[in-house]
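Structural characterization, general
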Amino acid sequence: MLDQNGTARPAYQAYYDWFCRQDHKSLRRKMGEAEAVFRRTGITFNVYGKKEAAERLIPFDIVPRIIAAAEWQKLSKGITQRVQAINAFIADIYHNQEILKAGIVPEKLIARNQAFLPHMIGVKPPGNIYTHIVGIDLVRTGPDEFFVLEDNARTPSGVSYMLENRETMLKMFPELFADNRVQPVNDYPRKLWNSLAASAPEAFKGSKPVIAVLTPGIHNSAYFEHAFLADEMGCEIVEGHDLRIYNGRVCMRTTRGYTPVDVIYRRVDDDYLDPLNFKPESTLGVAGIMDIYRAGGVTIANAPGTGIADDKAIYSYMPDIIKFYTGKPALLKNVPTWRCSERESLSYVTENLSELVVKEVHGSGGYGMLVGPAASRNEIAKFKSKLLADPGNYIAQPTLALSTTPIFSKSGLAPRHLDLRPFVLVSPDRIDITPGGLTRVAMKKDSLVVNSSQGGGTKDTWVLTE
Amino acid sequence: MLGKTAGSLFWMLRYLERAENISRLIDAGFRIALTRSEDAADEWESVLKATAAAQSYTQCHDVIDTKNVVDFLLRSPKNASSVYSCFKAARENGRNARTALTREMWEAVNEGWMRLDVDLKNPVSTKDLPAVLSLVRQQCSLVRGAMQGTMLRNDCYDFAQLGIFIERADCTARLLDVKYYILLPSVNLVGSSIDNAQWETILRSVSAERAFHWLYPGNIKAPDIAEFLILDRRMPRSLAFCAREVTHSLDYIRGAYKTSPPSYEMAYDLRALVEQININQIFNIGLHEFVTNFLSATAALAGQIATDYRFTV
């Protein structure tokens, strides 16, 4: 918010002026109100491993993160390029595998990858889109300096927080939106609907394709978001047992009988999608849906098998992947990454564990990772033996000199580390990036972990108009 | 709409209605316990029976006493028809039907659950009981109010209405079922203050003591109560009123869907049971037999609705 001299950065000027006029007591009261709103609306998530029905709130911070229009524009270009490359990469992997033949990505990284789905080989998804919805996790180290931390090409979550955080800010501080010209995010669900509809199978594209959100059910940690998106889009939210195959179509059980669904926005992992084709014990999916999909009878968004692009081991190859498919160097930087599968990297990593962040290749949600600078000697030693037992399962990255944004803490404004997940919609004719995204913030001082499952919070993200 | 969603709406409103009715029964029983403690055990036993909780109660407690019964009816997770369990199930069904609820409706049920979850965390003291019981009824009214005021009048609304009135008919019939013996004309001849108190309790259990006195001033007569609770179409908790509402909802759905599944005819049969008869005929058949018959017809109808509209696979 402030530069080294203590003056507000241009994007934050209007906000900072406003903030200085507020008294902290009433701000604190507003924070309490915000929490009550979140609880009443049911914006909760379940933490796995906690007692049943433990619904928790993600802490919400009332200080927005503000991004200037020019910075956002630059960022958008980089994101667009990256998302195009990701789609091209997945299409290539499941068809000609040019990138493997060119020796740019090692073949064994694909063939031995759990996220690689042989069922998708040779399958052309409707509209040729694999990743209809992508979330790119970014961190900022300085002006115009963003690094991509992670690509989320499977089923990125958090967009409901982007929308509800904005709603909450509008309710609590309407005057702020008169002083600041913030680009709206509230048309995301409509755009999502349009984008999904545009990706319907050609044969069923008609005027109004039937779209449904597939959820694992009310006990899933992100159920709130699934229901929220279905509600906002005006479409049904279904579970596996609401669907079955009839006459070559995926149909949902309505009060009037079974009716076909054209597009399924699934929030169920690949493995659980189809007990006939994948995990036979899964009750979350639909038996035979993969066969219908392969025959072009339904759109599944995102396509099965897209995980091959957001795998953490693939991540380190992203700059080369982007260059390969777009012909241009990557606009957004990757965080330097050591692949522990490579001997030299492994020895560097084991010697420098206290400086590095080490992640599981397939992990997510901040589980199973080591944050070296914050870990005790004992924790490092334990982790080291895990790492040495299965080095191919890990990558390591340096901790960056991340920029901070203030949160409103008990003692007033206090700097915290944060990341940003913009949401990207891909349809056959366009790529849409919602101006803003999910800003996750570490609520603990000096902490680098922003995951909600590890106590991170969120704040509203403003992209200003020019 | 999805069959599952229709089922969740139906059950959400049904559970709320049940929670509300149980809170009324506790209220009425509690009053007896306060004013005529010698009759309390009998009264609680009939309340437990009316809420189908008698068996599960005896598995948890040896004796029937006010403190344990109130706690069991109000808060016990072991009692599937405790206020707590019902509200929890209502909210769970609400989450399942989230896309069919308006925001106001959802917030009403969610907030109601959050408040009750706090208030029912620990045993409720005698001092706080009236306030908690009225909170339960208020929260249920809030949901119904939000439903009336904000919900689109489409099939979603009709399935929600069906849940309300099938449960309400069931509750009133169950109450009659456990109390029938004090509503018989012969009891009237006996006419003692004990019966008067019993009758007041019945009326209180359906929040209709004032309405009844307006319609039947003077001495309370048992057959009047029976007529009022079974046949009076002005009384929103009577069997006749509920059966009529059920047919209305099914009429709307039939109009929209252009089909008349078996449940449609069954609903009209149920309605005929309480419309094409007078109270003397009911006493001739036998009040108990009549109510038993009505209860099983209601249960069969609810099952048929679930089948016809594909609530489950």
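Remember, predicted model here, so these are calculated numbers, not experimental data.

What follows deals with the overall build of chain A. Check the secondary structure of chain A and you find 14 helices and 23 strands. The C-alpha atoms of chain A give 22 Å as radius of gyration, which agrees with the globular expectation for 466 residues (23 Å, within 12%). Across its three principal axes, chain A shows a C-alpha extent of roughly 65 × 60 × 45 Å. Counted over contacts in chain A with a minimum sequence separation of 6, partners at least 24 positions apart contribute 68%.

The number of helices and strands found in chain B is 16 helices and 0 strands. Computed over the C-alpha atoms, the radius of gyration of chain B is 19 Å, within 12% of the 20 Å expected from 2.2 N^0.38 for a compact globule of 313 residues. Across its three principal axes, chain B shows a C-alpha extent of roughly 55 × 50 × 35 Å. Out of the 313 residues belonging to chain B, those deemed buried represent 48%.

Residue-level pLDDT values for chain A average 90, and 97% of them are 70 or greater. The secondary structure element of chain A with the lowest average pLDDT is strand 1 (residues 44-46) of chain A, at 67, and the one with the highest is strand 11 (residues 263-266) of chain A, at 98.

This part covers the pairing of strand 21 (residues 430-433) of chain A. Residue and element names in this part refer to chain A. Across 4 bridges, strand 20 (residues 423-427) lies against strand 21 in antiparallel orientation. Residue pairing in the sheet places valine 426 in a bridge with isoleucine 431 of strand 21. Counted along the chain from strand 20 to the antiparallel partner strand 21, the turn is 2 residues long.

Here we take up the sheet that holds strand 6 (residues 211-214) of chain A. All names here are of chain A. Read across the open sheet, the 4 strands follow the order 7-6-11-12; overall the sheet is parallel. Only two strands of the sheet have a single partner each, and these edge strands are strand 7 (236-238) and strand 12 (299-301). Pairs of neighbouring strands in the sheet enclose a mean axial angle of 30 degrees, with direction left out of account.

Take the interface of chain A and chain B next. Each side of the interface is counted separately: chain A has 18 residues, and chain B has 20 residues. When its residues are assigned to classes, the side of chain A that touches chain B shows 6 nonpolar, 5 polar and 7 charged.

What follows concerns helix 5 (residues 83-96) of chain B. Residues and elements named next belong to chain B. In this model helix 5 runs 20 Å from its N-terminal to its C-terminal C-alpha over 14 residues, within 8% of the 20 Å that 1.5 Å per residue would give. Turning to helix 5, its buried residues are Val83, Tyr84, Cys86, Phe87, Ala90, Arg91, Asn93, Gly94, Arg95 and Asn96. As for helix 5, its buried residues are in contact with helix 1 (3-35), helix 4 (66-74), helix 6 (103-119) and helix 7 (129-150).

Take the nonpolar core next. Side chains that are nonpolar tend, in soluble globular proteins, to be buried together. Counting residues in each nonpolar core, the largest one holds 211 residues, and the members touching the most others are Ile264(A), Leu9(B) and Ala19(B). Setting aside anything within four residues of it in sequence, one finds Ile264(A) in contact with Ala212(A), Leu214(A), Val250(A), Val298(A), Thr299(A), Ile300(A) and Ala301(A). In this structure, Val63(A), Leu418(A), Met443(A) and Val450(A) belong to the second largest nonpolar core, which totals 8 residues.

With that settled, consider the domain arrangement of chain A. Residues and elements named next belong to chain A. Each assigned domain of chain A is listed with its residue range as follows: domain 1 (10-335 + 400-463) and domain 2 (339-398). Between the C-alpha centres of domain 1 and domain 2 there is a distance of 26 Å. The interface is formed by 12 residues belonging to domain 1 together with 10 residues belonging to domain 2. In terms of residue class, the side of domain 1 that touches domain 2 is made up of 5 nonpolar, 5 polar and 2 charged.

Trans peptide bonds make up most of the peptide bonds, and negative phi angles are found at most residues other than glycine. The omega torsion of the bond from Ala301(A) to Asn302(A) falls at -15 degrees, within 30 degrees of zero and hence cis. One can find Asn302(A) in the loop between strand 12 and helix 11 (312-315). If you check the backbone angles, Asn247(A) has positive phi at about 45 degrees while not being a glycine. The exposed category is assigned to Asn247(A), around which 8 C-beta atoms lie within 10 Å. Residues other than glycine seldom take positive phi values, yet Ala52(B) does so here, at roughly 60 degrees.

Here the focus is the domain arrangement of chain B. Interfaces are often described in size by the accessible area the parts lose on coming together. All names here are of chain B. The domain boundaries assigned to chain B delineate domain 1 (1-151) and domain 2 (152-313). The centre of domain 1, based on its C-alpha atoms, is set 20 Å off from the matching centre of domain 2. Facing 27 residues of domain 1, the contacting portion of domain 2 comprises 28 residues. Counting residues per element, the ones that place at least two in the side of domain 1 that touches domain 2 are helix 1 and helix 2 (40-50). Among the residues forming the side of domain 1 that touches domain 2, the class breakdown is 14 nonpolar, 4 polar and 9 charged.

A few words now on the pairing of strand 10 (residues 257-260) of chain A. Residue and element names in this part refer to chain A. As paired strands, strand 9 (residues 249-254) and strand 10 are joined by 4 bridges and run antiparallel to one another. Bridge pairing in strand 10 places methionine 252 opposite threonine 259. Taking the residues between adjacent antiparallel strands as the criterion, strand 9 and strand 10 are bridged by 2 residues.

Here the focus is the environment of Arg244(B). Residues and elements named next belong to chain B. For arginine 244, the position within the fold is in helix 13 (residues 239-257). Classification of arginine 244 by C-beta neighbours within 10 Å gives partly exposed; the count is 17. For arginine 244 and arginine 233, which are 11 residues apart along the polypeptide, the C-alpha to C-alpha distance reads 8.4 Å. With residues up to four places along the chain from it excluded, the contact list for arginine 244 reads Arg233 and Arg271.

Parameters and conventions
Every chain's residues receive numbers from 1 upward, in the order its sequence appears when written. A letter from A marks each chain and a number from 1 marks each ligand, given out in the order of writing. A pLDDT threshold of at least 70 governs which residues receive local features in this predicted model, and a stricter bar of 80 or more applies before side-chain atom pairs are shown or counted, although totals over entire chains, interfaces and linings include all residues. Put simply, DSSP H or I for four residues or longer makes a helix, DSSP E for two residues or longer makes a strand, and each gets a number counted from the N terminus. Put simply, the radius of gyration uses C-alpha atoms, and a globule should come to 2.2 Å times the residue count raised to 0.38. For the purpose of contact definition, each residue receives a C-beta atom placed from its backbone, and two residues are in contact when these atoms lie within 7 Å. Neighbour density around each residue's C-beta defines its exposure: 20 or more other C-beta atoms within 10 Å make it buried, 12 or fewer make it exposed, and counts between make it partly exposed, where C-beta atoms are placed from the backbone. On a scale of 0 to 100, pLDDT captures the predictor's confidence in every residue. Paired strands, as defined in this entry, are two strands with at least two bridges between them according to DSSP. Throughout, an axis means a line fitted to C-alpha atoms (over the contacting stretch in the case of helices), and angles, computed between N-to-C directions, take values from 0 to 180 degrees. Charged residues are taken to be Asp, Glu, Lys and Arg, nonpolar residues to be Ala, Val, Leu, Ile, Met, Phe, Trp, Tyr, Cys and Pro, and polar residues to be all remaining types, Gly included. Any helix carries an expected span of 1.5 Å times its number of residues minus one. Note on definitions: a nonpolar core is a set of buried residues drawn from Ala, Val, Leu, Ile, Met, Phe, Trp, Tyr and Cys, linked by C-beta atoms within 7 Å. The source of the domain bounds is an automatic or database domain assignment.

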